[in-house]
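These are the residues of each chain, in order.
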Amino acid sequence: MIKEEFERRAKQVRKNIVQMIAAAGSGHPGGSLSVADILVVLYFDAMHIDAKNPGLETRDRFVLSKGHSAPALYAVLAERGYFPKEELMKLRKCGAMLQGHPDMKRIPGVDMSTGSLGQGLSAANGMALSAKLDQADWRVYVVVGDGELQEGQIWEAVMSSAHYGLDNLTLFVDHNGLQIDGTNDEVMKVMPIAEKFRVFGWNAIEINGHDFEEICSAIQLAKHTKGRPTVIVAETVKGKGVSFMENQVGWHGKALDEVQCRQALEELTGGEA
Amino acid sequence: MGIATRAAYGKILETELYKNEKVVVLDADLGNATKSMSFKEAAPKRYFDMGISEQDMMGTAAGLAASGKVPIASTFAVFAAGRAFGQIRNSIAYPKLNVKIAATHAGLTVGEDGGSHQAVEDIALMRSLPNMTVINPADAKEAEEVLKAAVQYYGPVYIRLGRAAVEDLHDEHYQFNWGKGEILLEGKDVGIIATGIMVGKALAVAAELAKEGIEARVINMHTIKPIDRTLILETAELTGKIVTAEEHSVIGGLGSAVSEVLSQERPTKMAMVGIQDSFGESGSPKDLLEKYGLTEKDIMLAVKKIIKYA
């Protein structure tokens, strides 16, 4: 896919994210905006999927372990045609399909329910093991947050992926440096990330998580790495694309009001209207 | 004396369940103790030792289930239900994934390892989870049948198994009825509803009571969730007095499940034999059962008391 096309999709996804969170009156814009470009590449380019047949057995699987960034996933799934875009504006409303965190039982295209941090990589390992058992060539993609690396279960799972040589699994760390209570450095240091994974036996690649070319080529490198899993540590900006949210701790889990939403949409539209 | 229910688990894995290509078994470095290791002999590629990491094991089982496998995850009950509760809740029960949890070394009869290793609250924890089925087999044959049935059933199932040998109550013709309690003895004077290792004791007590002319109706309530409401109500109707017996805390276990049904639909005088809001301690299974009030004598006293005051 060409760069302009990625950019167009990403812009639309970001607009959806701010609008749906504003409509819901709650949600997590910061981490949704930081991870958006990665999801756009996965769902519009890298993954073998069929929006018309979400349960396709040979599809690549995706696990959003940082489940609070669900708006980004929902926006991408809607753009990709898994469900009507009208659903986005019902996010977090009682009776709606789109839950506050991904729910695989309700939402077509969601491969794993998440929301309690630290649990997604283990589930992804199980999927990758299953593909290995079946000698199937589908792959598993996972996204964790950098703060999420503070959960002990992540490191249990990191050991398991390496132990079982899960080269059909690619993990993205959405490394925006911020979490609810402050920066990673203030709350609980997670650095150095890539080195930690390397000593656990992983292939580690560091990229700019907003550069489509870098995201694409890292995914290709991961596909060609044999015998061990790959982690792509993606440097990202929390709140990316909305000036007043970028790198602001306060925008982890706060909804935009009407005025803020309008301003955000203007910025994201970039005068194109 | 028969064999332990965990031994029955190992046996059925090795003789039967391995034939199902979808079945995969996971353990957390306790395969020799839980007896899951026997699956490794039969189907090595489908056996995953996850190391000492129960949370990761449950999550991995969830992913395997999400991809069409039928994972059985084993570890000690205290680690399964307790340590990995959050993983069982969010990664297995919430998405209703097809994971079977074979939790061994449950209750006081794990013995000498002491209170840290004695799961006396696991039924309460698992029973509180939507989508979860909770089964506590009474003997080896029943454990085998439960495992066979659990693999056929779609959805999360918690199977509680013991470390110590238990007497055989069922012969080779026994058929496990999913969700239906088993009437072992008919009687009209008192209903004894027991589960797990307490079922055999309840039967022995009923035999003693019969000598005194008291007829007890004895129920093996192997499935704690969903509980067999019909059988509980019918037993209350018939006897007017219910005694429950479990190797578990009286808070949140079988006694609670039975009383939840009765208190709402047919208030009935009850007595609960179980662990009275306490952790266990080190000791032989026999000594512990005596100290914590889980003997035939304790069931007998409960029956006598309830007959007197009802």
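Here, the structure is the one placed above.
Predicted model only: the values in this text are computed from it and were never measured.

Caption draft 1: Examining the overall build of chain B more closely. The helix and strand tally for chain B stands at 13 helices and 12 strands. The C-alpha atoms of chain B give 19 Å as radius of gyration, which agrees with the globular expectation for 310 residues (19 Å, within 12%). Principal axes of the C-alpha set define a box for chain B whose edges measure 60 × 40 × 35 Å. A total of 310 residues make up chain B; the buried ones form 61% of that total. Sequence separation of at least 24 residues holds for 78% of the intrachain contacts in chain B that already meet a minimum separation of 6. By element, 50% of the accessible surface of chain B is carried by carbon and sulfur atoms, the whole surface being about 11600 Å². Of note, chain B has its 34 positive side-chain charges centred 4 Å away from the centre of its 40 negative side-chain charges.

Caption draft 2: Broad picture of a nonpolar patch on the surface. Residues and elements named next belong to chain A. Side chains of Met159, Val199 and Phe200 sit close together on the surface and give an oily, nonpolar patch of about 300 Å² of accessible area. Looking at the element boundaries, Val199 is found in helix α7 (residues 193-199). Overall, Val199 belongs to the exposed group, its relative accessible area being 71%.

Caption draft 3: Inspection of the packing of helix α4 (residues 120-133) of chain A against helix α5 (residues 152-163) of chain A at higher detail. Residue and element names in this part refer to chain A. Across the interface, α4 lies against α5 with an axial gap of 8 Å and an inter-helix angle of 20°. When the interaxial angle is binned, α4 and α5 end up roughly parallel. Remark: the crossing between α4 and α5 carries left-handed chirality. Residues Leu121, Ser122 and Asn125 of α4 form the contact with α5, whose participating residues are Gln153, Ile154, Ala157, Val158, Ser160 and Ser161. The residue inventory of the contact of α4 with α5, partitioned by class, reads four nonpolar, five polar and no charged.

Caption draft 4: Fine view of the pattern of salt bridges. Tallied over the full model, the rule gives 32 salt bridges over all chains. A salt bridge links Arg217(B) to Glu186(B); the nearest nitrogen and oxygen atoms lie 2.8 Å apart. Placement of the pair is Arg217(B) in strand β9 (residues 216-220) and Glu186(B) in the loop between β7 (182-185) and β8 (190-194), with a sequence separation of 31 residues. Here the salt bridges do not stand alone but share partners, grouping Glu5(A), Arg8(A), Arg9(A), Glu79(A) and Lys85(A) into one network.

Caption draft 5: Spotlight on the environment of Ala46(A). Residue and element names in this part refer to chain A. Summarising the element assignment, Ala46 is placed in helix α2 (residues 29-46). The class of Ala46 is buried, set by a relative accessible area of 12%. As for Ala46 and Ile219, which are separated by 173 residues in sequence, their C-alpha atoms are 7.5 Å apart. Among all residues touching Ala46, those that are not within four sequence positions of it are Val41, Asp60, Ile219 and Lys223.

Caption draft 6: Geometry of the nonpolar core. Within the largest apolar cluster, 141 residues are counted, with the highest numbers of intra-cluster contacts made by Leu42(A), Tyr43(A), Phe62(A), Phe83(A) and Phe197(A). Residue contributions to this core peak at 11 residues, all from α2(A). Sequence-distant contacts of Phe197(A), defined by excluding residues within four places in its chain, comprise Leu149(A), Trp155(A), Val158(A), Leu171(A), Val173(A), Trp202(A) and Val231(A). Counting residues in hydrophobic clusters, the runner-up holds 29 residues, among them Leu108(B), Val120(B), Leu209(B) and Ile275(B).

Caption draft 7: Region of interest: the sheet that holds strand β4 (residues 100-104) of chain B. Residue and element names in this part refer to chain B. Strand order in this open sheet of seven strands is β2-β1-β3-β4-β6-β5-β10, and the pairing throughout is mixed. The outermost strands of the open sheet, each flanked by one partner alone, are β2 (47-49) and β10 (223-225). If you compare each strand with its neighbour and ignore which way they point, the axes differ by 20° on average. Two elements, strand β1 (residues 23-27) and strand β3 (residues 70-76), share five bridges in a ladder whose sense is parallel.

Caption draft 8: Fine view of the sheet that holds β9(B). Residues and elements named next belong to chain B. The sheet built from five strands is open, its strands ordered β7-β9-β8-β11-β12 with mixed pairing. The two strands at the open ends of the sheet, each matched to only one other strand, are β7 and β12 (269-275). Pairs of neighbouring strands in the sheet enclose a mean axial angle of 25°, with direction left out of account. Inspection of the sheet shows strand β11 (residues 241-249) paired to β12 by six bridges, in the parallel sense. From the neighbouring strand, Thr244 faces β12, where its bridge partner is Met272. This element, helix α11 (residues 254-265), spans β8, β11 and β12 of the sheet and lies at about 145° to β11.

Caption draft 9: Representation of the pairing of β9(B). Residue and element names in this part refer to chain B. Across the five residues of β9, five count as buried, placing the element largely inside the fold. Relative to β9, β8 runs parallel, the two sharing five bridges. Bridging across to β9, Ala194 finds its partner in Asn220. Handedness of the β-α-β unit built from β8, helix α9 (residues 198-211) and β9 comes out right-handed.

Caption draft 10: How the structure looks around the packing of α2(A) against helix α3 (residues 70-80) of chain A. Residue and element names in this part refer to chain A. At a minimum axis separation of 9 Å, α2 and α3 run at an interaxial angle of 35°. Handedness of the α2/α3 crossing: right-handed. Every residue of α3 that contacts α2 at Ser32, Val35, Leu39, Val40, Tyr43 and Phe44 is listed here: Pro71, Ala72, Leu73, Val76, Leu77, Glu79 and Arg80. Split by residue class, the contact of α2 with α3 holds 10 nonpolar, one polar and two charged.

Caption draft 11: Seen up close, the packing of aromatic side chains. All names here are of chain A. This structure, assessed with the given rule, holds 11 aromatic pairs over all chains. Between Tyr43 and Phe62, the ring centres sit 5.7 Å apart and the planes meet at 80°, which makes this aromatic pair edge-to-face. On the criterion of sequence distance, the pair formed by Tyr43 in helix α2 and Phe62 in strand β1 (residues 61-64) is long-range, its members being 19 residues apart. By relative accessible area, Tyr43 is classed as buried at 1%. Judged by its relative accessible area of 2%, Phe62 is buried.

Criteria and cut-off values
Residues numbered from 1 in each chain as written. Chains lettered and ligands numbered in written order. Predicted model: local features only at pLDDT ≥ 70, side-chain atom pairs only at ≥ 80, totals over all residues. Heavy atoms only, no water. Helix = DSSP H or I, 4+ residues; strand = E, 2+ residues; numbered from the N terminus. Rg over C-alpha atoms; globule rule 2.2 N^0.38 Å. Buried < 20%, exposed > 50% of the residue type's maximum accessible area, 1.4 Å probe, protein only. Contact = heavy atoms within 4.5 Å. Areas by Shrake-Rupley, 256 points an atom, 1.4 Å probe, with all protein chains shown as cover. Lys, Arg positive; Asp, Glu negative; His and termini not counted. Charge placed at Lys NZ, Arg CZ, Asp CG, Glu CD. Patch = residues over 30% accessible without salt bridge, like charges linked within 9 Å, V, L, I, M, F, W, Y side chains within 5 Å. Salt bridge = Lys/Arg side-chain N within 4 Å of Asp/Glu carboxyl O. Axes fitted to C-alpha atoms, helices over the stretch in contact; angles between N-to-C directions. Parallel < 35°, antiparallel > 145°, perpendicular 65-115°, else oblique. Left-handed = near helix turned anticlockwise from the far one by under 90°. Nonpolar A, V, L, I, M, F, W, Y, C, P; charged D, E, K, R; others polar. Core = buried A, V, L, I, M, F, W, Y, C linked by side-chain atoms within 4.5 Å. Pairing = 2+ DSSP bridges. Right-handed = clockwise from strand over helix to strand, strands pointing away. Phe/Tyr/Trp six-rings, centres within 6.5 Å; stacked < 30°, edge-to-face > 60°.

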